[in-house]
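# Structural characterization, general
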Amino acid sequence: NQTDLIGAFTNQNNKTFNRFSTTPVSGDKVIIEYYSPYYLINHSRINISNIIHGYKNIFNREDRGYDDSESCNKNVNCPEAQPWNDEISSVVLTLTDGGTRLCSGSMINNVNQDFELYFLTSETCLGGHEDWIFMFNYESPICDTQDGPTDQTVSGATLLAHNSESDFALLRLEESPPEDFDIYFSGWDAREIAPSNCVSIHHPVGDIKKISYHTGDAISDGWFFDDGSHWRINLWNNGITEPGSYGAPLFNSNQSIVGQLHGGESSCEEPVDDYYGKFSHSWNLGLQEWLDPNNTGTMVLNGIGVIESPDPMLSYSDSMYDILIFENQIETFNLLVTNVGDEESILEYQIYNSPFEATANT
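Residues numbered from 1 in each chain as written. Predicted model: local features only at pLDDT ≥ 70, side-chain atom pairs only at ≥ 80, totals over all residues. Heavy atoms only, no water.

### Notes on the pattern of salt bridges
As a reminder of what qualifies: The term salt bridge refers to a side-chain nitrogen of Lys or Arg lying within 4 Å of a carboxyl oxygen of Asp or Glu. Only runs of H or I of at least four residues qualify as helices and only runs of E of at least two qualify as strands under DSSP, and these elements are numbered from the N terminus. Per-residue accessibility, obtained with a 1.4 Å probe over protein chains only, is compared with the maximum for each type, and a residue is labelled buried under 20%, exposed over 50%, and partly exposed between these values.
The tally for this structure, following the rule as stated, stands at 8 salt bridges. The residue arginine 19 makes a salt bridge to aspartate 131 at a minimum N-O spacing of 2.5 Å. One end of the pair, arginine 19, is in the segment before strand S1 (74-75); the other, aspartate 131, is in the loop between strand S4 (118-121) and strand S5 (133-136), with 112 residues separating them in the sequence. On the accessibility criterion, arginine 19 (32% relative accessible area) is partly exposed. When its relative accessible area of 19% is taken as the criterion, aspartate 131 is described as buried. Of the charged contacts, one joins aspartate 273 and arginine 232 as a salt bridge, the two residues approaching to 3.0 Å between their closest N and O atoms. Note that aspartate 273 is positioned in the loop between strand S16 (257-264) and strand S17 (274-278) and arginine 232 in strand S14 (residues 230-233), a separation of 41 residues in sequence.

Spelled out as structure tokens, the structure:
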């Protein structure tokens with residue numbers, strides 16, 4: 001019924017391997033409209049090699065995807081996540097293996113800082129990478145759960161390096177995301193140093209973007225046995241991971257990538273034991289060749305944004321008020337909300353009026 005429209009696509013979407021794929025479109029019928037200059041009519045060819053018909057809508061509340069992750073997951077656009085705004089922009093949802101699987105991953109910086117479209121994820125996610133869909137900024141615009149945009153996508157990638165020991169895969173996107181996607185290339189730390197107070201940003205079961213918090217040091221471990229190839233998060237203090245989170249970056253307290261999710265056992269009931277392939281272990285298994293091509297010896301690199309916009313940060317004067325009033329009494333309290341972020345940054349926030357936590361009659 002032409003209510004769900006994607007495109008137009010042009011020669012800018014062409015790939016060297018002559019393949020192209022699109023994000024899912026609603027409905028049981030798809031209309032393809034093709035325009036060709038009159039002088040090329042006899043030279044134009046379209047070959048439809050594969051059609052995926054989803055028996056469930058992966059971006060619908062009633063089915064797997066939006067709002068289908070476990071309730072203890074935390075949305076990224078909440079005040080406590082604001083220091084991670086840049087890193088949040090680097091995390092991407094992927095539709096892999098012919099559109100039949102969901103994974104997470106992150107755009108990642110390289111020593112040349114030339115905006116090369118490098119993407120780090122899990123080797124477990126590999127399959128049909130030439131047709132992968134990369135979905136940017138699929139997140140709730142507010143702290144409360146609200147569906148996000150699903151039209152910020154590019155398709156296709158080239159596999160550059162991968163290894164099963166630390167379960168990493170490095171790809172290069174074959175389409176340049178438009179500038180208004182406002183993407184960020186996260187930094188990294190290739191040193192063998194146990195990261196502390198880690199954060200992971202991901203798309204559990206293809207849901208809107210979530211963030212998980214860990215307090216303390218990650219534990220050196222392994223996937224099948226303790227070979228030192230993985231970092232183990234023994235306990236999440238806030239949030240968890242789920243299928244669809246595979247490939248998600250693990251950040252240390254300096255906001256540098258130190259690994260990507262291989263798998264684990266965490267749930268809301270038992271938020272324990274998630275395993276991330278070590279970035280430091282992957283470094284000599286193929287990452288260094290691409291992220292430090294001139295062998296400069298750089299082991300720690302900051303991130304970089306396509307648009308270096310100033311970042312806001314929310315600060316407030318009080319987190320709790322204890323109020324005791326009797327009949328016909330009035331008390332006034334002031335809450336000071338401040339933007340303590342970068343100069344010229346713009347802070348967006350909402351204040352909700354909620355019921356009292358407790359009432360008493362005396």
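### Considerations on the packing of aromatic side chains
Put simply, the rule reads: Put simply, two rings from Phe, Tyr or Trp (the six-membered ring, in Trp's case) pair if the centres are within 6.5 Å, and we call them stacked under 30 degrees between planes, edge-to-face over 60, tilted for the rest. Whether a charge sits over a ring comes down to the Lys NZ or Arg CZ being within 6 Å of the ring centre and within 35 degrees of the ring normal.
Summed over all chains, the structure comprises 12 aromatic pairs. Seen in terms of ring centroids, tyrosine 118 and tryptophan 290 are 6.4 Å apart; in terms of plane orientation they differ by 70°. Their pairing is edge-to-face. One end of the pair, tyrosine 118, is in strand S4; the other, tryptophan 290, is in helix H2 (residues 279-291), with 172 residues separating them in the sequence. Taken together, the ring pairs connect Phe119, Trp132 and Phe134 into an aromatic cluster. Positioned above the aromatic ring of tryptophan 231 is the side chain of lysine 278, whose terminal nitrogen or guanidinium carbon lies 4.1 Å from the ring centre.

### Focus on the state of the cysteines
To be explicit about the condition: Here, the term disulfide refers to a pair of cysteine sulfur atoms separated by no more than 2.5 Å.
Counted by the stated rule, this structure contains 3 disulfides. Covalent S-S linkage joins cysteine 72 and cysteine 268, the inter-sulfur distance amounting to 2.1 Å. Taking the torsion about the S-S bond as the criterion, the cysteine 72 to cysteine 268 disulfide, at about -90°, is left-handed. Separated by 196 residues along the polypeptide, cysteine 72 in the segment before S1 and cysteine 268 in the loop between S16 and S17 bring together distant segments of the chain. Accessibility expressed as a relative area gives 24% for cysteine 268, which makes it partly exposed. Each disulfide pairs two cysteine sulfurs, and for cysteine 78 the partner residue is cysteine 143, the sulfurs being separated by 2.0 Å. On the S-S bond that ties cysteine 78 to cysteine 143, the torsion sits near 90°, and the link is right-handed.

### Here we look at the pairing of S5
Note the cut-off: DSSP-based pairing: two strands are paired if at least 2 bridges between them are found.
Across the two faces of S5 the burial is the same, with Ile133 and Met135 and Phe134 and Phe136 all buried. In the sheet, strand S2 (residues 91-96) pairs with S5 via 4 bridges, with the strands oriented antiparallel. Bridging across to S5, threonine 94 finds its partner in phenylalanine 134. For S5 and strand S6 (residues 153-155), the ladder comprises 3 bridges, and the chain directions are antiparallel. For phenylalanine 134, the partnering residue across the bridge sits in S6 and is valine 154.

### Some words on H2
The periodicity of an α-helix, 3.6 residues per turn, causes residues three or four positions apart to be oriented the same way. Convention followed: Every helix has an expected span of 1.5 Å times one less than the residues it contains. Bend, in this description, refers to the angle at a residue between axes fitted to the seven residues ending there and the seven starting there. When checking whether two residues touch, look at their non-hydrogen atoms; a contact exists if any pair is within 4.5 Å.
When the terminal C-alpha atoms of H2 are compared, their 12 Å separation across 13 residues is substantially less than the 18 Å that a helix rising 1.5 Å per residue should span. Along H2, the sharpest kink reaches roughly 75°, centred on leucine 285. When we look at burial in H2, the residues that qualify are Phe279, Ser280, Ser282, Trp283, Gly286, Leu287, Gln288 and Leu291. As for H2, its buried residues are in contact with S4, strand S7 (157-163), strand S8 (168-173), strand S10 (188-189), S16 and S17.

As far as function goes, none of this settles anything; it's purely spatial.
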